[in-house]
Amino acid sequence: MPLLQILRPTLPILIGASIMLTLSMGLRQSLGIFLQPLTHDIHISVSDFTLALAVQNLAWGFLQPLAGAMTVRYGFRPIMMVGALLYIAGLALMTTAHGLVSVMIGGGVLIGTSLACTAAAIAMSVAARAVPATVRSTVLGIVSAAGSLGALLSAPIGQMLNEGFGWRVGLAAFVILSVFMIPAAWYAGRVDNIPLPKPAADDIGNASAATAVKTAFSNASFVVMTCAYLVCGMQLVFLTTHLPSYLAICGLDPMLSAQTLGMIGGFNVLGSLFFGWAGQRWNKLALLGGIYIFRSLALAWYFMLPATPASTLLFGAIMGFLWMGVGPLVAGAVAEMFGLRWQAMIQGLAFMSHQIGSFLGAYGGGLIYDTLGSYTMAWRIGVALGLAGGIIQVAFALIRPSQPPVLRTA
């Protein structure tokens, strides 16, 4: 049966989840555009700004399991709607900021909390429930690809308004774009009307939240995936936060940072589609490790050479292809190992590790720059940890393929 025919009954849900994801991720990934003008205008340091983004990532990561667990009790729609409203409030507070407190609360706490309710873990869980298992990985790749388009739209708009009218106008445009998350979340919330499939004998559909957590952390494949996920967050958030600043230091056109973020968003689409397709056919956890290894090699190549417009755009294309491809692989692996009922919560547990890495990438990168005056040590650490994490992930996935969990009821 053609894929479109299979998906037709749930298209409004999938489109809503995709739009919600593309706005929540695209706007957040583009905040680094405003680092230089915002910090100069309101007299805060680079590390202050990156600390706010680091708080955002920690709030997102540590609240993600809670948001996932709450979808089981209250449904997806109310959680996503609250998240959309928090995103609007956070951007509005950043737009009117005159000091660190507003940036910290708006860009840090509010947007971080919103992302726990609207970003990849929730959107992927919505998509996974809406489609049959036979096409799940492919559909997760499609939703992740659609979710990658946000940077293509938001980064150039933000940069043009930032250069022409100032950073406050650029952020005000982001506020307007974020309003569209509300109807998107409403339509994606129709997934609450779709009943869960009957739990298999070896999944945890009928278990309590506490039992589901214990079962997840007793699964060696999940633990290794979670630990390696830290590297993913560290590398990606380091780039989205610090690449615009690095290009400015290199004396390149400020628009190049927006073009590169847009390039990342465009190739995100191709990478998400490819890894969604590949995850339907090959070992998802080994593919994850391969992504981390090739990302690290790309980072080393780019930062070892003098930055040019051509090399920067090529780097953006490579990193974009390897960017959100992790989304369908992690979501698909969690669904296979533990079923759908607690997927959002368990995926959120893994994501906590990702966000600890994000904290280190955002704040650690800013701290190293403020201390040493360059990003050299920061990217070297990112490359070394990325290679180590990727190699361990691939080796474990091939030596010990993931098995269904052993349910612990006692």
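The model shown is predicted, which means the values in this text are computed figures rather than measured ones.

A.B. asks: Any chance you could explain the packing of helix α2 (residues 11-29) against helix α7 (residues 120-130) here in plain terms?
C.D. replies: Axis angle and axis distance: for two packed helices, these are the angle between their axes and the distance between the axes, and together they describe the pair. Packing of α2 against α7 leaves a shortest axis separation of 10 Å and a crossing angle of 170 degrees. The pairing of α2 with α7 is recorded here as roughly antiparallel in orientation. Across the interface between the two elements, Ile 13, Leu 14, Ala 17, Met 20 and Leu 21 of α2 pack against Ala 120, Ala 123, Val 126, Ala 127 and Ala 130 of α7. Counted by class, the contact of α2 with α7 contains 10 nonpolar, no polar and no charged residues.

A.B. asks: Help me understand the nonpolar core in this model?
C.D. replies: If you look at soluble globular proteins, the nonpolar side chains tend to sit buried side by side. The biggest cluster of nonpolar side chains holds 126 residues, and the ones touching the most others in it are Leu 38, Leu 91, Val 126, Leu 171, Phe 222 and Met 225. No other element matches helix α13 (residues 220-249), which puts 12 residues into this core. When residues no more than four places from it in sequence are discounted, the contact partners of Leu 171 are Leu 31, Phe 34, Leu 38, Leu 91, Met 94 and Thr 95.

A.B. asks: Would you mind going over the pattern of salt bridges with me for this structure?
C.D. replies: It is possible for side chains of opposite charge to pair when their charged atoms get near one another. Counting across every chain of the model gives 1 salt bridge. Salt-bridge contacts for Arg 168 lead to Asp 41; the nearest nitrogen and oxygen are separated by 4.0 Å. Of this pair, Arg 168 sits in helix α10 (residues 167-179) while Asp 41 sits in helix α3 (residues 35-42); the two residues are 127 residues apart in sequence, bridging distant segments of the chain. You can call Arg 168 partly exposed: its relative accessible area is 24%. Its relative accessible area of 40% is what places Asp 41 among the partly exposed residues.

A.B. asks: Would you mind showing me how to read the packing of aromatic side chains here?
C.D. replies: What characterises a pair of aromatic rings is the spacing of the ring centres plus the angle enclosed by the ring planes. Counted by the stated rule, this structure contains 13 aromatic pairs. Seen from their ring centres, Tyr 229 and Phe 351 are 6.2 Å apart, and the 65 degrees between their planes marks the pair as edge-to-face. Linking Tyr 229 in helix α13 with Phe 351 in helix α18 (residues 343-372), this pair joins segments that are 122 residues apart in sequence. Among the residues examined, Tyr 229 registers a relative accessible area of 6% and is labelled buried. Classification of Phe 351 by relative accessible area gives buried; the value is 7%. Taking 5.0 Å as the distance between ring centres and 80 degrees as the angle between the ring planes, the aromatic pair formed by Phe 274 and Phe 275 counts as edge-to-face. Its relative accessible area of 34% is what places Phe 274 among the partly exposed residues. An aromatic cluster is present here, built from Phe 238, Trp 301, Tyr 302, Phe 303, Phe 315 and Trp 379 joined pairwise through their rings. Lying over the aromatic face of Trp 186, Arg 77 brings its terminal NZ or CZ to 3.8 Å of the ring centre.

A.B. asks: Sorry if this is basic, but what is going on with a nonpolar patch on the surface here?
C.D. replies: Judged by side-chain polarity, Trp 301, Met 304, Leu 305, Leu 314 and Ile 318 come together as a nonpolar surface patch covering roughly 460 Å² of accessible area. Counting only elements with at least two residues in the nonpolar patch, the list comes to α15 (284-304) and α16 (309-321). Position of Met 304 among the secondary structure elements: in helix α15.

Scoring rules and cut-offs
- Residues numbered from 1 in each chain as written.
- Predicted model: local features only at pLDDT ≥ 70, side-chain atom pairs only at ≥ 80, totals over all residues.
- Heavy atoms only, no water.
- Axes fitted to C-alpha atoms, helices over the stretch in contact; angles between N-to-C directions.
- Helix = DSSP H or I, 4+ residues; strand = E, 2+ residues; numbered from the N terminus.
- Parallel < 35°, antiparallel > 145°, perpendicular 65-115°, else oblique.
- Contact = heavy atoms within 4.5 Å.
- Nonpolar A, V, L, I, M, F, W, Y, C, P; charged D, E, K, R; others polar.
- Core = buried A, V, L, I, M, F, W, Y, C linked by side-chain atoms within 4.5 Å.
- Buried < 20%, exposed > 50% of the residue type's maximum accessible area, 1.4 Å probe, protein only.
- Salt bridge = Lys/Arg side-chain N within 4 Å of Asp/Glu carboxyl O.
- Phe/Tyr/Trp six-rings, centres within 6.5 Å; stacked < 30°, edge-to-face > 60°.
- Lys NZ or Arg CZ within 6 Å of the ring centre and 35° of its normal.
- Patch = residues over 30% accessible without salt bridge, like charges linked within 9 Å, V, L, I, M, F, W, Y side chains within 5 Å.
- Areas by Shrake-Rupley, 256 points an atom, 1.4 Å probe, with all protein chains shown as cover.

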